[in-house]
Amino acid sequence: MASVTYGATGVNFSDYQTPNAGQSSELFDHYEEGTWTVQMYGGASQMTLQSITVKYLKLGRLAFCHGTCRRNDSGSYTGVMTMQNLPFTSSDTVSVGGGWWSDGGSDNGHKGQFYVPSDTGTIYPLHGSTGATLSRYTTADGGESAFPNNEYLYFSVEYTTA
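Please read these numbers as outputs of a predicted model, since none were measured by experiment.

Definitions and cut-offs
- Residues numbered from 1 in each chain as written.
- Predicted model: local features only at pLDDT ≥ 70, side-chain atom pairs only at ≥ 80, totals over all residues.
- Heavy atoms only, no water.
- Phe/Tyr/Trp six-rings, centres within 6.5 Å; stacked < 30°, edge-to-face > 60°.
- Helix = DSSP H or I, 4+ residues; strand = E, 2+ residues; numbered from the N terminus.
- Buried < 20%, exposed > 50% of the residue type's maximum accessible area, 1.4 Å probe, protein only.
- Salt bridge = Lys/Arg side-chain N within 4 Å of Asp/Glu carboxyl O.

Student: Can you break down the packing of aromatic side chains residue by residue, with the values?
Tutor: Going through the model one piece at a time under the given rule, you end up with six aromatic pairs. Pairing Trp-101 with Tyr-154 gives two aromatic rings, centres 5.6 Å apart and planes at 25°, and the pair type is stacked. A residue pair is termed long-range when its members are at least 10 positions apart, and Trp-101 in strand β10 (residues 95-103) and Tyr-154 in strand β14 (residues 152-160) qualify at 53 residues. Judged by relative accessible area, which is 35%, Trp-101 ranks as partly exposed. Relative to Phe-155, the ring of Phe-114 lies with its centre 6.4 Å away and its plane at 85°, an arrangement referred to as edge-to-face. Highlighted residues: Phe-114 in strand β11 (residues 110-116) and Phe-155 in strand β14, separated in sequence by 41 residues. Grouping residues by exposure puts Phe-114 and Phe-155 together as buried.

Here is the structure:
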């Protein structure tokens with residue numbers, strides 16, 4: 001009879017036969033949850049945020065991050081918008097995972113997806129009406145208007161960690 005074993009290295013499921021080709025591990029070796037400090041940038045300049053509530057859950061190599069923050073400055077930014085200081089470095093695999101929405105207190109908020117590049121702690125808010133037209137927000141194409149001063153940003157992003 002197959003069994004699940006528990007030890008210092010994690011939960012081991014290797015006694016169960018699995019038909020998955022390419023499977024490299026049957027060990028569940030990490031669970032963690034906590035908070036982290038999100039940072040938003042317009043180009044190289046950091047935005048001032050307040051009312052920050054961000055949390056993460058890490059299962060094995062998968063990280064799930066979600067939260068809210070409010071922009072609290074009247075700065076003018078140029079360049080690509082980024083969210084930085086993720087709790088874990090992303091893997092060597094690029095992904096598009098999760099979504100965001102900014103709320104200006106009416107039904108005309110902005111929304112989009114996230115692009116998570118490989119081997120980094122940075123994610124990029126994307127916009128576009130179809131997957132083929134997704135592009136990074138910059139101040140030139142409305143990035144600053146997508147997250148203007150005093151608006152809340154709600155987000156959730158999933159990615160594979162290094």
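Anyway, onward from the coordinates.
Student: Please provide a residue-by-residue account of the environment of Ala-44, values included.
Tutor: Tracing the chain through its elements places Ala-44 in the loop between β5 (39-42) and β6 (45-46). You can call Ala-44 exposed: its relative accessible area is 77%. Considered as a pair, Ala-44 and Met-81 are 37 residues apart in the sequence and their alpha carbons are 9.0 Å apart.

Student: Describe the pattern of salt bridges, listing the residues and the values that go with them.
Tutor: Tallied over the full model, the rule gives one salt bridge. Measuring nitrogen to oxygen at the nearest pair gives 2.8 Å for the salt bridge that ties Asp-73 to Arg-71. Of the two residues, Asp-73 and Arg-71, both sit in the buried class.

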